[in-house]
Every structure is written in C-alpha cells, then in structure tokens.
Amino acid sequence: MSGSMRRNMPKGETPDARPRLVFSRAMMDLARLVLRSHAPQLGLRLTVALVLTVAGKLTGVMAPLLLGRAVNSLTRHAHAAVQLGWSFAALAIGWSVIRFLSAAAPQLRDIVFGKVAIAAQRRAGAEAFEHALRLSIDFHQTKRTGALSRTVDRGARAVDFLLRVLVFNLAPTALELIFAAGVLAKAYDWRFAATAVVTVFIYGVFTFAISDWRISHRRRLNEADSEASGRAVDALLNYETVKAFGAEGRASAGYERALEVYGAASNEANVSLALLNMVQGAIMSLGLAVMAILAGMEAASGRMGPGDVTASILILISLYQPLNILGFAYREIRQSMIDMEAMLDLTQQKLDIADAPDAVGLPPADAGRGGRLAFDHVSFRHGARVEGLSDISFEVQPGQTVAFVGPSGAGKTTLVRLALRLIDPQEGAVTLDGVDLRKVRLKDLRRAVSLVPQDVALFNDSLGANIAFARPEAGEDEIWAAAEAAELGPFIRALPEGLATKVGERGLKLSGGERQRVGLARALLADPRVLILDEATSALDSRTEAAIQQTLRRARAGRTMVVVAHRLSTVADADLILVIRSGRVVEQGRHDDLLARDGEYASLWRKQTREA
Ligand code: ADP
Ligand code: MG
C-alpha cells in the first residue's frame, strides 16, 4: 500500500504542482459542465445567482454602519427624548432588515442555483460512469470495482462542491473584503481599512501555507480509504473463493491492515487540521484586538462616537465569518480538485475500442442473412506477453458453424474476443460481411454478434429482466420463446414467481447450468447474425446439452455460429473445426477429414469416445 502510494507521489513533487496544474483545466471543465448540464432556465438562474451574491455581500457590509449610526444617535443630546427614541428605533429596524437581507441572499441564491449544481453533478457522474464502462476489458480486468465506483462518486460530488463554494463563496469573499476596506477607509480612516486588509492577508497566507502542507495528508487519507473499501468489496465479491479456502481470517486481516493505514492517515489529517484552526483563531483574535484598541483610542479622543467603535468591530467580525469559509473552502477546494482530478483522469483515459470517425454500418443481411465472419492472418498478444495468437486465418459463411477446440489456455476465448471486437488484433484483420470490425459502428456490431460465455454472470434482477437485457423492448412472449428454446421453460414454470424470480448478486442463486441457459436465452433473444458459444454448454448434463444442441441446430439457420467446446461430440457436425494449440491452428477441416488425418484431433476424439 505505502509502496504504491510513494509511486504515485514522486519525490520532489510539490503538493502544489498537481492541483494548480489542474486548476485551469478544472475551471474550464466546470464551465463546460454547467453549460451542458441542461438545467432548466440556465442563463436566468446564473444571472440571478450572481446578482444575489453581490447584493448579499453589499448589504452585509452596510448593516454594521447603520447600527453604528443608531448607537451614535443615542448619545446625541440635542434631541428630545421621544424623538431620540424614534430615530433610534428607525435606524435599528433598518439595521435588522438589511442584516436579514444579507443573510437571506445566499439562501435564495442556493435555491436558485441548486438545480444547476445538481444537474452539473449528475452530468459529470454519468459521463464518467459511461466512459468507465466503455474502457477496454483489460482496464476492467485490472480495476478494483469498489475503488472505481468511489472515484466516480467523489468526483461528481466535487463538481457540485466546486460550483457552490468556489464560484459562490470564495470569489464573493474577496469582493466583501474590498467593500469592507472601502467602507472603513471612507467612514473612518485608512488605518481601519489597513487593519482589516492586513489581518485578512496574514490569515490567508497562513491558511494557504498550512493547507498546502495538509494536502498530502488528505491525499494519503483518500488513498487509504479507497484501498480499504476496494479490499472489502473484492473479498465480498469473491466470498465463495474466500470460504472455499477458509481464508476469512486472512481476508479480514488484510482489510484490518488497510484500516490501520487509514486510521494513521486520518489521525495525521486531524492533528494538522486542529493546528490550522488554532492558528486561524489566533490571527483573527489579534486582528480584532488591534481594531478594538484603534477604535477605542479614536473614541477616547472624541473623533469617533461609541457607535462607530461597535460598527468597525462588527465589520471585522462579519468579515471573520466568510474568512472561516475561506479557510474551509480552500482546504475543501483543494480536496475537490484532487477528487475531480481522479475522475478527469478516468474520463481522459483513451478508449481502446471506440467508433472510428468514418465508422460504417454493416451491409444489409441478404437472403441467406448476413454473418460471413473471416479472420485474415490475425495475430494478437496480451500486453507484453511473448506468447499469443499468431497468424490465424479462416472464413465461415452464413448458416455455417465453425468450432474451436484445443487445450485450456490455447487462445480460444481470445479468438472469441477478437470476433466480438472486445480487443483489436495487432496484425491482420477480422471482418464481418466483408467489413473490417474496426470500421463497423460498435452499436451495429454489438447487435450483430452475441456471446454466451462459459461463465455467465447475471445482474441482481429478475430472470425476465436478465433475459431481456439483450433487447429491452422485447415482449413477454418473445422472452418466453427464448427461454423455451434454451430449455428453461420447465424450470421457470416450476418457480413460484416465474420470470419475476430474483437471481441474486451475479446470478448466484441459480446453478451454473441454469445460468448458462439464461445466457443462451439472452443471446437467442438478441437474434444476432453471429452467435458465439464459448464453452457455453460445459456446465450442463448430457441430456440437457443434447436438447440444447437441437435448439442450436434450429437456431443455426441463416446465421453463423462460432462454438468453443470441450466435448468434441458437440462439434462433430461443424462445417469447420480448428484445432488450436499455443495460439496456433495446428489442424483444420471437417470432422471426417480430421479423423482421417489421424493427428491431434483424431487422438483427442479416440480418448473422449473411449471415456464415454
Ligand atoms: P482458452 O483457450 O482456454 O480460452 P484464453 O484465450 O482464455 O484460453 O487464454 C489464452 C492465453 O492468454 C492464456 O495463456 C491466458 O493466460 C492469456 N490471457 C487471457 N486473458 C489475458 C489478459 N487479460 N492478460 C494477459 N493474458 C491473458
Ligand atoms: Mg476459454
């Protein structure tokens, strides 16, 4: 854990460098997010929010002056007592009304602007989520699910926070300081304004310095947090493996170690926060003391009324409040920048598999329907591996079946992924109906090719919804037809809740064979040009498998089938059988030809028939 952390924070990197680098980018992105947030009456809301913000700050500075005048009126002896009472009351009421306005303005602004902030947050979250889903399977095989969902979550929240606090709190605080300094200098003299400005300046310098120092604590806290939750989710998702190996203790010990790191980071962050708050308090108190003494001396020498002493101190105190926000906002904004940076990093990861700018649709299916699948000297290696698929060529016509057989790890699933364009080959090309898959619009490709994987994972939803996932607009009768074709009919009818039965997380309330049949029903419902079965009947008993073979033989009409199978009997009637070993086609042909060749296939066949 600490090792990976150190890798993320190279030595010599000031904590300043990254967030400041992001600042302009983040501001641009924020602006863009707001503009495309589709919030109702966007322009009007933005204008009203800005006006309310400025009005709130102006009235906030004016209010203490009115109160000061009211107090001064008490000490003027020229008036009759009744008159005095009235003028004081009028001023006091004016003060309280203005004070109320300055307090109400930010609340009104939040009401007006809330919808915009929420819409921008929603947009950011949805975009990051969609982008993450579009990233390559390589990314998804490497990621930690819990950590990823938190990155999106925190990043989207950061957008909302930056909008509310940076745009409508931090910027206006600077405005308030200018107003306050102007009013103090004009109403009293420059030393009052100087006291306010210098106090704020020193306060700001210390706040920024200490907060910068704290950034690394917060980042460490975040990383420890992600690590701990990532570990927990990982163990919870793999509970079956954890249980099977009696590793509950080991898994929870790993979780506890992660929590320990989190605890240490959290403590460090809290201590430095307390230090920051104390330093801020000390500076503000010092500023107030200077202001009070200054005003007191002026009043003693008769140049100021007692009301003016009150007013000058009140102005400084009312500056104090937003300054409290300034410190908090600065810290949180830096934090939000880090969160947003993480989310932006995610959305800026290049998509390996995306539509080409000149992507085309597939040619319309002809009479025999489409689905001519061809591999043309295709080679592929995973990452930096030396071994991989090399120089694979074959072609299947619509209505035909091609079968991949060979030992585990030979590269059969990799071939399937190439046919689905979940990965792109490094050399050669995969074509469907004559079009290079890299040129086909992904939407069209996904509709044309369906996969039933060996390990069908289901959504934590109903059986019906899982089958209909292939085609959400499918009617109930179509879902039933697909279920029947996949030999699921009797099973579903026996369930008290039928198609509405919940399947549990990842479908684990169903047996492996039932899951495979749901996967098959789903693929049949999609009605694709190319149907790919990757050891899709491996978990079925031989009677169910035979029944499904019947279905598949019927489903074969007019579409191309790609079948990966362990049991050679299930692919004996394929039009083309490729025997794959270590990423190469070692034999190919029809069943009879391969038997006649008396090579690898023939010996495998003899072995399996003898076992049977
Ligand atoms: P199979 O014929 O059993 O379906 P696969 O196509 O799944 O074999 O795998 C072929 C080889 O590629 C195996 O050695 C496997 O370890 C490797 N492999 C599969 N997926 C990845 C991946 N994402 N990264 C690196 N290597 C992989
Ligand atoms: Mg496989």
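Let us look at the structure shown here. (Residues numbered from 1 in each chain as written. Chains lettered and ligands numbered in written order. Predicted model: local features only at pLDDT ≥ 70, side-chain atom pairs only at ≥ 80, totals over all residues. Heavy atoms only, no water.)

### Some thoughts on the packing of helix α14 (residues 476-485) against helix α16 (residues 512-526)
Okay, so step 1: Their axes nearest at 8 Å, the elements α14 and α16 cross at an angle of 125 degrees. Considering their axes alone, α14 and α16 lie oblique with respect to each other. As for the relative orientation of α14 and α16, their crossing is right-handed in sense. Contacts between α14 and α16 involve Glu478, Ile479, Ala482, Ala483 and Ala485 on the former and, on the latter, Ala521, Leu524 and Leu525.
Okay, so step 2: Partitioning the contact of α14 with α16 into residue classes produces 7 nonpolar, no polar and 1 charged. (Axes fitted to C-alpha atoms, helices over the stretch in contact; angles between N-to-C directions. Helix = DSSP H or I, 4+ residues; strand = E, 2+ residues; numbered from the N terminus. Parallel < 35°, antiparallel > 145°, perpendicular 65-115°, else oblique. Left-handed = near helix turned anticlockwise from the far one by under 90°. Contact = heavy atoms within 4.5 Å. Nonpolar A, V, L, I, M, F, W, Y, C, P; charged D, E, K, R; others polar.)

### Some details on a nonpolar patch on the surface
Okay, so step 1: Residues Val198, Phe201, Ile202, Val205 and Phe206 make up a contiguous nonpolar surface patch of roughly 460 Å² in combined accessible area.
Okay, so step 2: Residue Phe201 is classed as exposed on the basis of its relative accessible area, which comes to 58%. (Patch = residues over 30% accessible without salt bridge, like charges linked within 9 Å, V, L, I, M, F, W, Y side chains within 5 Å. Areas by Shrake-Rupley, 256 points an atom, 1.4 Å probe, with all protein chains shown as cover. Salt bridge = Lys/Arg side-chain N within 4 Å of Asp/Glu carboxyl O. Buried < 20%, exposed > 50% of the residue type's maximum accessible area, 1.4 Å probe, protein only.)

### Examining the environment of Ser216
Okay, so step 1: Position of Ser216 relative to the elements: it lies in helix α7 (residues 190-237).
Okay, so step 2: Of the residues examined, Ser216 reaches a relative accessible area of 16% and is grouped as buried.
Okay, so step 3: For the pair Ser216 and Val61, spaced 155 residues apart in sequence, the C-alpha to C-alpha distance is 37 Å.
Okay, so step 4: Here Trp213 takes part through its backbone oxygen, which lies 3.4 Å from a polar atom of the side chain of Ser216. (Polar contact = N/O pair within 3.5 Å; in protein donor to acceptor, adjacent residues only side chain to side chain.)

### Observations concerning the packing of aromatic side chains
To describe a pair of aromatic rings, one takes the distance between the centres and the angle between the planes.
Okay, so step 1: In the structure shown here, the tally under the stated rule is 4 aromatic pairs.
Okay, so step 2: With a centroid separation of 5.5 Å and 50 degrees between ring planes, the pair formed by Tyr188 and Phe192 is classed as tilted.
Okay, so step 3: Centroid distance Phe394 to Phe404: 5.6 Å. Interplanar angle 75 degrees. Geometry classified as edge-to-face. Linking Phe394 in strand β2 (residues 388-396) with Phe404 in strand β3 (residues 401-405), this pair joins segments that are 10 residues apart in sequence. Across the pair, exposure class does not vary: Phe394 and Phe404 are buried alike.
Okay, so step 4: Every member of this aromatic cluster is reached through a ring pair, and the members are Phe375, Phe394 and Phe404. (Phe/Tyr/Trp six-rings, centres within 6.5 Å; stacked < 30°, edge-to-face > 60°.)

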